[in-house]
Amino acid sequence: GCQVLSGPFPARTSIDDPIGYASDDSISPHGYDPRLSVALSALAMREIAAKEQGAAEVNESGEDKANDEAVPPVPPLVLAHPNDPIASRACDAIRRHLERVGISVRLRPFDPAEIERVADECAFLYAAMAVWEPAVDARRILGGEMTGGKVNAYLAQALNQLAEAADSTKVRQRLHEIHRLAHDDLTVIPLWQL
């Protein structure tokens, strides 16, 4: 049952797994591609720097001056995590991997009572979450305090439709739809299942 996940729900570990029904087996976890990570990181840092500088200045030949100048440093992303040894080690490993592709990261440990305040201060929030019943836990995971309720309109609508699902077939369909939307949207970046 220990494996990389493609979505917010536990993957099926056996045919009679009571909670694996929510995970859509046809969705593969996001692949590991360091070269693409470096390219996307450089592009994102350039976009962030351009927004911070305001509108791009254009030189006399009509070319973007930002291409001629060095990109100013972007403040580090804040990765908040519970103040415990396992989360600290996992987040330190995440920080090292992100810094290899050019993304500066600052770790921010927090105590459980601070979660609401910390969620607004950080770019990423590391959380170890137990899912006991996906149909009940979906809103807690995707629309609750971990995401600050910040989900796209499609995911919010799918969560509402899940709450209105009348039978087990509809519940399963809605959960698979939520799995697909969460996978594509990356509001929640699933890491692994233990």
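Criteria and cut-off values
- Each chain carries its own residue numbering, running from 1 in the direction its sequence is written.
- With the structure being a predicted model, the display of local features is reserved for residues of pLDDT at least 70 and the display and counting of side-chain atom pairs for 80 or more, all residues being used for whole-chain, interface and lining totals.
- As a rule here, side-chain values come from all non-hydrogen atoms in the structure, and water together with hydrogens is ignored.
- Residues forming no salt bridge and having over 30% relative accessible area are the ones grouped into patches, like charges within 9 Å of each other and nonpolar side chains (Val, Leu, Ile, Met, Phe, Trp, Tyr) within 5 Å.
- Methods summary: accessible areas were calculated by the Shrake-Rupley approach with a probe of 1.4 Å, and residue burial reflects only the protein chains presented.
- The rule for a salt bridge is simple: a side-chain nitrogen of Lys or Arg has to be within 4 Å of a carboxyl oxygen of Asp or Glu.
- Where helices and strands are cited, they refer to DSSP runs of H or I of at least four residues and of E of at least two residues respectively, numbered from the N terminus.
- Here the axes come from fitting lines to C-alpha atoms, over the contacting stretch only for helices, and the angles between their N-to-C directions go from 0 to 180 degrees.
- Working definition: roughly parallel below 35 degrees, roughly antiparallel above 145 degrees, roughly perpendicular at 65 to 115 degrees, and oblique for all remaining angles.
- Crossings are assigned a handedness: left-handed for a near helix turned anticlockwise from the far helix by less than a right angle, right-handed for a clockwise turn.
- For this analysis, residues touch if any pair of their heavy atoms sits within 4.5 Å.
- Lys, Arg, Asp and Glu make up the charged group, whereas Ala, Val, Leu, Ile, Met, Phe, Trp, Tyr, Cys and Pro make up the nonpolar group; the residues left over, Gly among them, are polar.
- Side-chain atoms within 4.5 Å are what join buried Ala, Val, Leu, Ile, Met, Phe, Trp, Tyr and Cys residues into a set we call a nonpolar core.
- For the exposure calls, accessible area comes from a 1.4 Å probe over protein chains only, and a residue counts as buried if that area is under 20% of its type's maximum, exposed if over 50%, partly exposed in between.

1. Some points on a nonpolar patch on the surface
Phase 1 of the analysis: Taken together, the side chains of Phe124, Leu186, Ile189, Leu191, Trp192 and Leu194 define a hydrophobic patch exposed on the protein surface, amounting to about 600 Å² of accessible area.
Phase 2 of the analysis: If you trace the backbone, tryptophan 192 turns up in strand 5 (residues 192–193).

2. Some thoughts on the packing of helix 4 (residues 134–142) against helix 5 (residues 153–164)
Phase 1 of the analysis: The interhelical angle for the contact between helix 4 and helix 5, taken along N-to-C directions, is 155°, at an axis separation of 10 Å. In terms of axis orientation, helix 4 runs roughly antiparallel to helix 5. For the element pair helix 4 and helix 5, the recorded crossing hand is left-handed. Along its contact with helix 4, which presents Ala135, Ala138, Arg139 and Leu142, the element helix 5 presents Leu155, Leu159, Asn160 and Leu162.
Phase 2 of the analysis: A class-by-class count of the residues in the contact of helix 4 with helix 5 yields six nonpolar, one polar and one charged.

3. Overview of the nonpolar core
Phase 1 of the analysis: One finds Phe9, Ala138, Leu142, Leu162, Leu175 and Ile178 to be the most contacted residues of the largest nonpolar core, which totals 16 residues.
Phase 2 of the analysis: Mapped onto this core, the elements with two or more residues apiece are helix 4, helix 5 and helix 6 (168–185).
Phase 3 of the analysis: Not counting residues within four places of it along the chain, the set of residues in contact with leucine 175 comprises Phe9, Tyr21, Ala22, Pro134, Ala135, Ala138 and Leu162.
Phase 4 of the analysis: Grouped together as the second largest cluster of nonpolar side chains are 11 residues, Ala49, Ala87, Val101 and Val105 included.

4. Looking at the pattern of salt bridges
Phase 1 of the analysis: Going through the model one piece at a time under the given rule, you end up with seven salt bridges.
Phase 2 of the analysis: In this structure, glutamate 99 and arginine 95 form a salt bridge, with 2.8 Å as the shortest nitrogen-oxygen distance. Pair noted here: glutamate 99 and arginine 95 are both in helix 2 (residues 85–100), with a separation of four residues, about one helical turn.
Phase 3 of the analysis: Glutamate 99 sits in the partly exposed class, given a relative accessible area of 35%.

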